[in-house]
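Take a look at the letters that make up each chain.
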Amino acid sequence: MKTVTLTELSEYLAQHGFPNQIDGKADLQLIGANTLQEAGEGEISFLANIKYRDQLFETAATVVIVAPDETIPEGLTVLRCENPYGAIAAAIRFIHGVRQHPQWGLDPRSEIAESAQIGKNANIGPFVTIDVNVKIGENATIYPGCFIGSGVVIGDDVTLYPNVVVYDGSRLGNRVALHAGTVIGQDGLGYAPVEGRWMKIPQAGRAQVEDDVEMGALCAIDRATLGETRVGMGTKFSDQVVLGHGTKVGKHNMYVAQVGLAGSVDVGDHVTMGGQVGVAGHLSIGDNVTIGAKTGVWADIPSNERYFGNPAFKWKQYWRQIAAIKELPDIIRKFRKMEKELENLRGKLEKHDG
Amino acid sequence: MKTVTLTELSEYLAQHGFPNQIDGKADLQLIGANTLQEAGEGEISFLANIKYRDQLFETAATVVIVAPDETIPEGLTVLRCENPYGAIAAAIRFIHGVRQHPQWGLDPRSEIAESAQIGKNANIGPFVTIDVNVKIGENATIYPGCFIGSGVVIGDDVTLYPNVVVYDGSRLGNRVALHAGTVIGQDGLGYAPVEGRWMKIPQAGRAQVEDDVEMGALCAIDRATLGETRVGMGTKFSDQVVLGHGTKVGKHNMYVAQVGLAGSVDVGDHVTMGGQVGVAGHLSIGDNVTIGAKTGVWADIPSNERYFGNPAFKWKQYWRQIAAIKELPDIIRKFRKMEKELENLRGKLEKHDG
Amino acid sequence: MKTVTLTELSEYLAQHGFPNQIDGKADLQLIGANTLQEAGEGEISFLANIKYRDQLFETAATVVIVAPDETIPEGLTVLRCENPYGAIAAAIRFIHGVRQHPQWGLDPRSEIAESAQIGKNANIGPFVTIDVNVKIGENATIYPGCFIGSGVVIGDDVTLYPNVVVYDGSRLGNRVALHAGTVIGQDGLGYAPVEGRWMKIPQAGRAQVEDDVEMGALCAIDRATLGETRVGMGTKFSDQVVLGHGTKVGKHNMYVAQVGLAGSVDVGDHVTMGGQVGVAGHLSIGDNVTIGAKTGVWADIPSNERYFGNPAFKWKQYWRQIAAIKELPDIIRKFRKMEKELENLRGKLEKHDG
């Protein structure tokens, strides 16, 4: 963490994809970033979600990153920018830096097989196990408690946090980061029913994680029965995401915590899934799809759609149904009255006829 | 485990917040506690859930803890008490004791940084990694495979079961217990969308767990982007609970397994959540709230409420809607008949007019 | 992996419960198995799901295992068999073999208590901790990072993948396999509410896993408060399955990922649960029950049923309700029109009377 001036920050942001304008005092000193509610003197904050607009008028932050047309309180210096959420990310990186990993070199208390080939500048902690014929690229950071099985191939600049397990034959691309306890390549749920028992089908395929994927803690990516289970480049998972065997996730997907995809699901690119979504097996999901939290997907979803609910419906239809369900107890009550009234009318009419 | 007399147990319970009365033979010998169904001679059991009342009349237990006004079978000695569930807890503690941890002292096969300050009477197993500038209080029990990152601060009487991971900068209070594989302080799901890719926002905040919190196995508590993610004092989690970055849980909450809270959720005190509940981000939940299992929370919930369903509704309204949904197929069938009948009536009436 | 002829494979399959007939060239050479879509020369595939029938006519596989009456493309050699899914499993085993574990013997970097009794031919990796009075049968394979608590009893031919944790007093039967990070025997969610706080009830029972059980990664099986939590013989779990304290699962069950059973649930034999199912506590489920993914079980389910939805309904009734809910917005609109029309009719009739 260092002290920067607002001008220095403004220049850094401009150089990193965030053109901006200072509206106020350019020479302010910044020592950190914080939320609008918790920021104090010397700290920069941001407003990206209109839900928090009130806090803009009460904040003690020294500078706030806001949208170009945002109304601001008198006397507050702001940095105007099209993408405040992206800009604060870059600002945090500039002021706070990124995590500094412990430096172990190749700790002698790890077990690294002779046939393992490990690239330059490896940083491997104690109590790590690396099995035979593993290939690891350059600049690897591997925290204590990790296990890397035989024949695993790992790219450059990979970070494995504590107790990550990568089963035999798995592949990780460049710049992959896996948080603590995540497991890659365990056996998929492969059993055939034979005379009332479950006979194990050896899971002879593998798990493959492509470049720039980052996963949270305690995720589980099953290896395939045959072929591969794949996570496409640039995809990000939160904690406890599970992929079944043979499932293929496209590029730049984003899954919130506790999402579960069964086996043999094919997902396109730029798909977002909210927390606790479930997707049944052997389905196909297109590109640019948004699936709301807790949704249950039971049928294919085409590209460019937004789905919600269990079973999943198109967004509008789902909320129309929920609105209808809220009214339903009332409607049923009125319906019953109507049944009686109709009987009445029928009676009167028959009297007429008679 | 020891042999106690019912009198000794009765006195122990009275001294520990459970006034009680022996109704039967006071000098009975007890060697253990068990369920009504599985108890045998010398064992004490309890009845706290009316669902099991029948088992009271069939049990082979020597003594049963019951409510003051409970009807009992002839010849069975009971211990009458206002809170049988609380009393059996204390009885188990008295007779069975609590878990005896292995005694390692400071196992030389652990990696403890020189700058780490560890209090008296520490009990740290092999294959533990403690990084620089960590501060741990007295009477710590740390099982094999745990990792404690730089700058972590831990209170007194803390128990970390095997393979628990506490990331850099996290804080644990006094008497915190974390079961196996739980992860505290991993990076939150912080990414900004920039030109179709997900740009990482360094998670510069921390995770803080307050006094007397206990968590089950494989929980995941994300650190905050800025500021902190917090678990309030006395709160208890079952297994696989996930908290997103910046979420703050109040005091004495109880979450059953697989609950997931997204980021920036504010929860009050004395809140109970059933299994697999999901709470969307940036919401506020009051005090004394009960949220039924599998509920999906999409809007703020005020204090003293009971909610259920997805999307969440007040308890009564939810069940009213379910009852209505059960009738709906029938109602729709009758509605269609009614449409035809109305057409009929309309026809007759027009003939009249004509 | 070896090269086999189709004749050799056919004989192997016949000997292992899969009578079959070669329909085409018997002397073809096979080097591997793969999916219809990805198979190439020398590879055998299978068709078990009609969804993929089209792929049968486009595959480059050398041989395909199909049902006896399946229509096939001209020139393709097939192996006809009643159970293609079971047969490909056996074929994979024959051609690809099963996972070869690393061979450690008894690695000196593990901590094995003197009082632990370990059977012949044990294969125990580095960084494993085995506590006092543990009994392990023959041919155990225990990967690095595992922890086995005091008094645990384990059968023969057990495989524990990396970082598995088995708490004190737990029991594992013969041929049990637990994938990475799974936790057996942690404390159940046992707390009694006392004056607004949660008082811990020592979990004095145990967890017991019977013969031939296999679990995926990151499962959590709580020990019981009193008595036992049990997983019946031959049962298979995918990843992240949670069982609450005192729950008893029968034989030959199959649970997909992220299933959660609360405490004191009794489940019969041959029960299948889809992903993310939740079962409330103190319930009873019979034999031969199928519970669809994401179902919420709130009441007992008798044997031989198929349930779905939240709350759970019988399969047919659930889909009838969903169909009704889809129509509901329309029905409500028509109902409102009908209310107006009825008013109209009422008006006309009164004019008549008047």
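What you are looking at is a predicted structure, and each value in this text was computed from that prediction instead of being measured.

Another aspect to go through is the overall build of chain A. When helices and strands are tallied, chain A shows four helices and 39 strands. The globule rule puts the C-alpha radius of gyration for 354 residues at 20 Å, and the 28 Å found for chain A is more than 25% above it. For chain A, the C-alpha atoms occupy an extent of roughly 105 × 75 × 30 Å along the three principal directions. Each of the 354 residues in chain A was classed as buried or not, and the buried ones make up 58%.

What follows covers the relation of the copies chain A and chain B. Of the transformation placing chain A onto chain B, the axial shift is 0.0 Å and the rotation is 120 degrees, giving an RMSD of 0.1 Å. Interpreted geometrically, this transformation is the action of a three-fold axis.

Attention now goes to the interface of chain C and chain A. With 69 residues of chain C in contact, the opposing surface of chain A contributes 77 residues. Counting every contact that joins chain C to chain A gives seven salt bridges. Linking chain C with chain A are 23 residue pairs in polar contact (both at pLDDT 80 or more). When contributions to the side of chain C that touches chain A are tallied by element, the ones reaching two or more residues are α3 (84-96), β27 (236-237), β30 (254-255) and α4 (315-353) of chain C.

On to helix α1 (residues 6-15) of chain C, then. Listed in full, the buried residues belonging to α1(C) are C:L6, C:L9, C:S10, C:Y12 and C:L13. The buried residues of α1(C) all sit within an arc of 165 degrees when viewed along its axis, so they share a single face.

Taken residue by residue, the interface counts 69 residues in chain A and 76 residues in chain B. Roughly 5,800 Å² is buried in total at the junction of chain A and chain B, and carbon and sulfur atoms are behind 66% of that figure. Summed over the shared surface of chain A and chain B, the result is seven salt bridges. Between B:K248 and A:E38 there is a salt bridge; the shortest N-O distance is 3.8 Å. The tally of links from chain A across to chain B stands at 23 residue pairs in polar contact (both at pLDDT 80 or more). For the side of chain A that touches chain B, the elements supplying multiple residues, two or more each, are α3 (84-96), β27 (236-237), β30 (254-255) and α4 (315-353) of chain A. Broken down by element, the residue count for the side of chain A that touches chain B peaks at 17 residues, all from α4(A). Considering only residue class, the side of chain A that touches chain B consists of 36 nonpolar, 19 polar and 14 charged.

This paragraph deals with the side chain of C:H252. By secondary structure assignment, the location of C:H252 is in the loop between β29 (248-249) and β30. A relative accessible area of 9% places C:H252 in the buried class. Apart from residues no more than four positions distant in its own chain, C:H252 is found in contact with A:G196, A:R197, A:W198, C:M233, C:G234, C:T235, C:H270 and C:V271.

For the α-helix, the turn length of 3.6 residues means that residues three or four positions removed from each other point alike. Residue and element names in this part refer to chain B. For helix α3 (residues 84-96), spanning 13 residues, the distance from its first C-alpha to its last is 17 Å, which sits close to the expected 18 Å at 1.5 Å a residue. Of all 13 residues that make up α3, 10 are buried, and the element is covered over most of its length. Among all positions in α3, only P84, G86, A87, I88, A89, A90, A91, I92, F94 and I95 are buried. Looking one or two residues beyond α3, the residue adopting positive phi is G97, at roughly 75 degrees.

What follows covers unusual backbone geometry. The peptide bond linking A:N310 to A:P311 adopts the cis configuration, its omega dihedral lying at 0 degrees. Note on placement: A:P311 falls in the loop between β38 (306-308) and β39 (313-314). The residue B:N304 is not glycine, and still its phi comes out positive at about 60 degrees. Residue position: B:N304 is located in the loop between β37 (296-297) and β38 (306-308). Since its relative accessible area comes to 57%, B:N304 is described here as exposed. In the Ramachandran plot, C:N139 falls in the positive-phi region, its phi being about 55 degrees despite a non-glycine side chain. For C:N139, the location among the structural elements is in the loop between β12 (135-136) and β13 (141-142). Given the relative accessible area of 29%, C:N139 is considered partly exposed.

All names here are of chain B. In this structure the tally under the stated criterion is zero disulfides over all chains. Left without a disulfide partner, C146 is nearest to the cysteine sulfur of C219, which lies 14 Å away. We classify C219 as buried; its relative accessible area is 0%.

Here we come to the packing of helix α1 (residues 6-15) of chain A against α3(A). All names here are of chain A. Where α1 meets α3, the closest approach of the two axes is 10 Å, and the angle between their N-to-C directions is 120 degrees. Considering their axes alone, α1 and α3 lie oblique with respect to each other. For the pair α1 and α3, the crossing hand works out as right-handed. Within the contact between the two elements, α1 uses E8, L9, Y12 and L13 and α3 uses A87, A90, A91, R93 and F94. Broken down by class, the residue content of the contact of α1 with α3 amounts to seven nonpolar, no polar and two charged.

About the cut-offs
- Residues numbered from 1 in each chain as written.
- Chains lettered and ligands numbered in written order.
- Predicted model: local features only at pLDDT ≥ 70, side-chain atom pairs only at ≥ 80, totals over all residues.
- Heavy atoms only, no water.
- Helix = DSSP H or I, 4+ residues; strand = E, 2+ residues; numbered from the N terminus.
- Rg over C-alpha atoms; globule rule 2.2 N^0.38 Å.
- Buried < 20%, exposed > 50% of the residue type's maximum accessible area, 1.4 Å probe, protein only.
- Least-squares fit on C-alpha atoms with pLDDT ≥ 70 in both.
- Contact = heavy atoms within 4.5 Å.
- Salt bridge = Lys/Arg side-chain N within 4 Å of Asp/Glu carboxyl O.
- Polar contact = N/O pair within 3.5 Å; in protein donor to acceptor, adjacent residues only side chain to side chain.
- Arc of directions from axis to C-beta.
- Buried area = accessible area lost by both parts, 1.4 Å probe.
- Nonpolar A, V, L, I, M, F, W, Y, C, P; charged D, E, K, R; others polar.
- Expected span 1.5 Å × (residues − 1).
- Disulfide = S-S within 2.5 Å.
- Axes fitted to C-alpha atoms, helices over the stretch in contact; angles between N-to-C directions.
- Parallel < 35°, antiparallel > 145°, perpendicular 65-115°, else oblique.
- Left-handed = near helix turned anticlockwise from the far one by under 90°.

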